[in-house]
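Architecture and fold: a report
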Amino acid sequence: AVGEYAPIGTESSPMILFLDAMGQHETAGRCIEWFLSRQDERGYINSYGDYESETGPVLWCAAEHYRVTRDKAWLRKNLPALAKSARFLLSQRNAAKAKSGGLVAGKCSDPKDDTCAFFLNAGIYLGIAGLADVLQEVDPALAAELADDARGYREDIRKGLEQSAMESPLVPLLDGSWTPALGPWPGTNGNVAYHADGGEWFSHGTIFGRLDSGAMALFLTDALPVEDTLMDLVLKSHQHPHFRENAGLSQPYYFRHDIAHLRRGETKLFLKCFYNQFVSLQDRQSYTFWEHYFHVTSHKTHEEGWF
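Computed from a predicted structure; not experimentally measured.

A closer look at the nonpolar core
Counting residues in each nonpolar core, the largest one holds 75 residues, and the members touching the most others are Leu131, Leu135, Leu146 and Leu161. Elements represented by at least two residues in this core include exactly helix H1 (9-21), helix H2 (25-36), helix H3 (55-69), helix H4 (72-99), helix H5 (118-134), helix H6 (140-167) and helix H7 (229-239). Discounting residues that sit within four places of it in the chain, Leu161 has contacts with Phe118, Leu182, Ala215, Leu218, Leu224, Leu230, Met231 and Val234.

Considering the pattern of salt bridges
For the coordinates displayed, the defined rule picks out 22 salt bridges. In this structure, Glu162 and Arg158 form a salt bridge, with 2.6 Å as the shortest nitrogen-oxygen distance. Of this pair, Glu162 and Arg158 both sit in helix H6, separated by four residues, roughly a single helical turn. Residue Arg158 is classed as partly exposed on the basis of its relative accessible area, which comes to 28%. Within the structure, one salt-bridge network assembled from shared partners comprises Glu11, Glu291, Lys300 and Glu303.

Observations regarding H4
Its 28 residues place the ends of H4 38 Å apart at the C-alpha level, agreeing with the 40 Å of an ideal helix rising 1.5 Å per residue. Where H4 bends most, at Leu79, the angle is about 60°, and the proline Pro80 comes one to four residues later. A side-chain oxygen of the first residue of H4 lies 3.3 Å from the backbone nitrogen of Ala73; this N-cap is Asp71. One or two residues past the end of H4 sits Gly101, with phi positive at roughly 65°.

Overview of empty space enclosed by the protein
Empty space among the atoms becomes visible once a probe the size of a water molecule is rolled across them. Taken as a whole, this structure holds five cavities of 30 Å³ or more when the rule is applied. For the largest cavity, the calculated volume is near 200 Å³. The wall of the largest cavity is formed by 19 residues, among which Thr10, Pro57, Phe119, Leu220 and Trp306 lie closest to the centre. Counting only elements with at least two residues in the lining of the largest cavity, the list comes to H1, H3, H5 and helix H10 (301-306). The leading source of residues in the lining of the largest cavity is H5, at five residues. Considering only residue class, the lining of the largest cavity consists of twelve nonpolar, five polar and two charged.

The rules behind these values
Residues numbered from 1 in each chain as written. Predicted model: local features only at pLDDT ≥ 70, side-chain atom pairs only at ≥ 80, totals over all residues. Heavy atoms only, no water. Core = buried A, V, L, I, M, F, W, Y, C linked by side-chain atoms within 4.5 Å. Buried < 20%, exposed > 50% of the residue type's maximum accessible area, 1.4 Å probe, protein only. Helix = DSSP H or I, 4+ residues; strand = E, 2+ residues; numbered from the N terminus. Contact = heavy atoms within 4.5 Å. Salt bridge = Lys/Arg side-chain N within 4 Å of Asp/Glu carboxyl O. Expected span 1.5 Å × (residues − 1). Bend = angle between axes of the 7 residues up to and from the residue. Polar contact = N/O pair within 3.5 Å; in protein donor to acceptor, adjacent residues only side chain to side chain. 1 Å grid on protein atoms, 1.4 Å probe; cavity = no way out; pocket = protein on both sides within 12 Å on 5 of 7 lines; lining within 4 Å. Points joined across faces, edges and corners; volume = space filled by probe spheres on them. Nonpolar A, V, L, I, M, F, W, Y, C, P; charged D, E, K, R; others polar.

Structure follows, in structure tokens:
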């Protein structure tokens, strides 16, 4: 479970990865199987509320679990369920290719947004690409089908980011450069917090909350190289002025720029992010994490897992 909340495919994933990192492989495998047991007849996984973003991260978790354990017996046992969910993701992708340039639309988290959010598509891509890698030895035909879709998905994600950059107004930065104020999904006039298209965007203590549905999650994937010019723009457009001291203003562990800094060799920026996030969220009595800086939701294991 995610702190006081029920298990969530997105937020439980870093917790399961942590269990594997600590050698608790049997427990991690059982956690993944719990989610697989909640599949519907299509292979869709939903555990919390009406989130539509859980299936991809659960499959990613399964792929990471196998990469750590190389437990082929576990993989074979769960292959029918994994394949069923993988085919569900492929069906989502096929429908999206005809409607929205290949980016899947859905509801990511608490806000009632039905959009092609980059966060949602990063999770789906991780599930497809992860299984394409680990299923090669047990279901090579499905692995090849998933790998083929992952190649096309990378192109669609890049096109979506290019579209968002072209739609966004340029804003000046303190270093003298300019950046498009990227939105969290294509089809908006930049960052929705600036209300160029109207709407109600205050959520979770900040007007900038929808950025946690944005492209920062792509730094967890290989969809685009971290040195790609568009990924430079993702970092710039999120961090200025929407972060403080290189930490997000709300639920900072939804922003995976710490991974970006590590992969880009930006040691000082990583350390600034790492320390500012955890000292701001950590409770001074229990040393567990709050979900928010303003002390809402105690003992939040999703944030602890990412930390």
